[in-house]
Amino acid sequence: MDYKAAMDHIARETLRPVYLLHGEESYLLRRVSGAILDRTLTPEEREMNLTVLDRDPALSQLIGLLETAPFFGEKNVVLIRQSQLTAAARKERGEDAAAGGDDTGKPQSAAGEERLLKLLANMPECSMLILMTAKADKRRKIYKTIEKYGMVVEAPPLKGKELRAWLTGRLAERKLKLAPDAAEYLLTAVSLMSQVSLDFIENELEKAALHQVGPGAVSLAALQQTLSAAPEISVFAMLEALSQKQLAEALGLLEAQLAAGEHPIKLLALLARQVRQLWQTRMLAGKGQGSREIAEYFRVPPFIGEKLLKQSRSFDGEKLKQALLELADADRDLKSGRASALALERIMIDLCRGC
């Protein structure tokens, strides 16, 4: 089950006795676990009936916690962060021990694992277990048991349309108003990212909210200043500046990223991705493809297709192709220590001359 379906289920349906929350997007997993706890325990009950562990305890200890009746209230909840109970079995990773380990690092016994599986299949009405992990092995018995008797929620990194939909919803939840051009800038930049941390975006929205005074909306300038620390957005902004022949601004954004400690190779990879998209857009447009077809090609919202098409017209096709070749050479030279960040500046200057 994905994040949205899980949140709808938690809000409307009867809660399950055991949950497995897994995936790389920890922000969404925390939101799901928080929603479960909000429906299960009052703030007062959490003091006595919520056990939060940062790692797996010994199976005997976990079973004991789940079989313990709540001291106050109706539910006893055990939440384990960074659980390895559903990770790939150790023998599959070249180790001799069975899957899992206790709080001393010793392997869990097969008998203990069988006891836990039976308990998960028939949980006491007064108990609930929530497991959180970055990666789960769907072949494991414990995974299949939780899937059958509880609920499995997966939260991979959001991309493209999913990321844009989440951002739109989050702005509404926070009642954060953006000026029309600021909203377009944010949605465009985020939609063009290959991957982004929602924790980072949440922090940036928190900063942007500081610029909102009364009923007024956050301006484009204020939003750009807030988001300038993000390499993905900074590269997007650099291309925007280059397309408008604002070379000084583009080089300033590059310098700010380097000063903030971003590695030139990472910035180069992001710039290469954006340039490649623009070059592909030029090729598609040359074949008579419009913004809608371009959006479908890149699997992005229609307005992003329009943005790419408009931005690509500011660059010469041959210059974009040459820039890709230069970026490939710069990547090789940077990795071998034969070049510095100056190679990026030179490529950006050449791109601007081709606008």
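This text follows the structure it describes.
Let us look at the structure shown here. (Residues numbered from 1 in each chain as written. Predicted model: local features only at pLDDT ≥ 70, side-chain atom pairs only at ≥ 80, totals over all residues. Heavy atoms only, no water.)

**Examining the layout of surface pockets**
When its volume is computed, the largest pocket comes out at roughly 520 Å³. The wall of the largest pocket is formed by 17 residues, among which Tyr 3, Lys 4, Leu 28, Leu 158 and Trp 166 lie closest to the centre. A per-class count over the lining of the largest pocket returns eight nonpolar, one polar and eight charged. The calculated volume of the second largest pocket comes to roughly 320 Å³. Of all the secondary structure elements, the ones that give two or more residues to the lining of the second largest pocket are helix 8 (180-191), helix 10 (220-227), helix 11 (231-243) and helix 12 (247-259). In terms of residues, the lining of the second largest pocket owes the most to one element, helix 11, which gives six residues. (1 Å grid on protein atoms, 1.4 Å probe; cavity = no way out; pocket = protein on both sides within 12 Å on 5 of 7 lines; lining within 4 Å. Points joined across faces, edges and corners; volume = space filled by probe spheres on them. Nonpolar A, V, L, I, M, F, W, Y, C, P; charged D, E, K, R; others polar. Helix = DSSP H or I, 4+ residues; strand = E, 2+ residues; numbered from the N terminus.)

**Focus on a nonpolar patch on the surface**
Among the surface-exposed residues, Met 48, Phe 71 and Phe 72 lie close enough to one another that they form a single nonpolar patch of about 390 Å² accessible area. When you line up the elements, Met 48 lands in helix 3 (residues 43-49). (Patch = residues over 30% accessible without salt bridge, like charges linked within 9 Å, V, L, I, M, F, W, Y side chains within 5 Å. Areas by Shrake-Rupley, 256 points an atom, 1.4 Å probe, with all protein chains shown as cover. Salt bridge = Lys/Arg side-chain N within 4 Å of Asp/Glu carboxyl O.)

**So, the packing of aromatic side chains**
Within this structure, the stated rule accounts for two aromatic pairs. Between the aromatic rings of Tyr 27 and Trp 166, the centroid separation amounts to 5.7 Å while the plane-to-plane angle is 85 degrees, which identifies the pairing as edge-to-face. Pair noted here: Tyr 27 is in helix 2 (residues 26-40) and Trp 166 is in helix 7 (residues 160-174), with a separation of 139 residues, a long-range link. An identical accessibility class is assigned to Tyr 27 and Trp 166; each is buried. Ring geometry for Tyr 297 and Phe 298: centres 5.0 Å apart, planes at 90 degrees, overall edge-to-face. For Phe 298, a relative accessible area of 15% translates into the label buried. (Phe/Tyr/Trp six-rings, centres within 6.5 Å; stacked < 30°, edge-to-face > 60°. Buried < 20%, exposed > 50% of the residue type's maximum accessible area, 1.4 Å probe, protein only.)

**Observations concerning the sheet that holds strand 5 (residues 151-154)**
An order of 2-3-4-1-5 is seen for the five strands of this open sheet, with the pairing classed as parallel. Either end of the sheet is taken by a strand with one partner, and the two such strands are strand 2 (50-53) and strand 5. Neighbour to neighbour, the strand axes of the sheet diverge by 10 degrees on average, direction disregarded. Bridge count between strand 2 and strand 3 (residues 76-80): four bridges; the pairing is parallel. Residue pairing for strand 3: Leu 50 is matched across the bridge by Val 77. Helix 4 (residues 59-66) rests against strand 2, strand 3 and strand 4 (127-133) of the sheet, and its axis sits at about 150 degrees to strand 3. (Pairing = 2+ DSSP bridges. Axes fitted to C-alpha atoms, helices over the stretch in contact; angles between N-to-C directions. Contact = heavy atoms within 4.5 Å.)

**Considering the environment of Lys 4**
Counting through the fold element by element, Lys 4 comes out in helix 1 (residues 3-12). Spatially, the C-alpha atoms of Lys 4 and Ser 60 are 34 Å apart, while their sequence positions differ by 56 residues.

**A short note on the side chain of Ser 33**
With respect to the helices and strands, the residue Ser 33 is situated in helix 2. Apart from the residues within four sequence positions on either side, Ser 33 is in contact with Leu 21 and Met 132.

**Side note on unusual backbone geometry**
Not every positive phi belongs to a glycine, and Gln 82 is a case in point at roughly 55 degrees. On the secondary structure map, Gln 82 appears in the loop between strand 3 and helix 5 (110-121). Classification of Gln 82 by relative accessible area gives exposed; the value is 59%. The phi torsion at Lys 175 lies on the positive side, around 55 degrees, for a residue other than glycine. If you trace the backbone, Lys 175 turns up in the loop between helix 7 and helix 8. On the basis of relative accessibility, which here comes to 68%, the residue Lys 175 falls in the exposed class.

**Side note on the pattern of salt bridges**
Should their charged atoms come close, side chains of opposite charge can pair. The full count for this structure, using the stated rule, is 20 salt bridges. The shortest N-O distance in the salt bridge between Asp 333 and Arg 332 comes to 3.4 Å. Overall, Asp 333 belongs to the buried group, its relative accessible area being 18%.

**Points about the packing of helix 8 against helix 10**
Where helix 8 meets helix 10, the axes come as close as 8 Å, and the angle between the chain directions of the two elements is 30 degrees. Between helix 8 and helix 10, the angle is such that the two are roughly parallel. Contacts between helix 8 and helix 10 involve Asp 181, Ala 182, Tyr 185 and Leu 186 on the former and, on the latter, Leu 220, Leu 223, Gln 224 and Leu 227. Tallied by class, residues from the contact of helix 8 with helix 10 come to six nonpolar, one polar and one charged. (Parallel < 35°, antiparallel > 145°, perpendicular 65-115°, else oblique.)

**Digging into the nonpolar core**
Judged by nonpolar contacts, the single largest core of 85 residues is most densely connected at Ile 130, Trp 166, Leu 167 and Leu 186. With 22 residues, the next largest nonpolar core counts Leu 20, Leu 59, Ile 146 and Val 152 among its residues. (Core = buried A, V, L, I, M, F, W, Y, C linked by side-chain atoms within 4.5 Å.)

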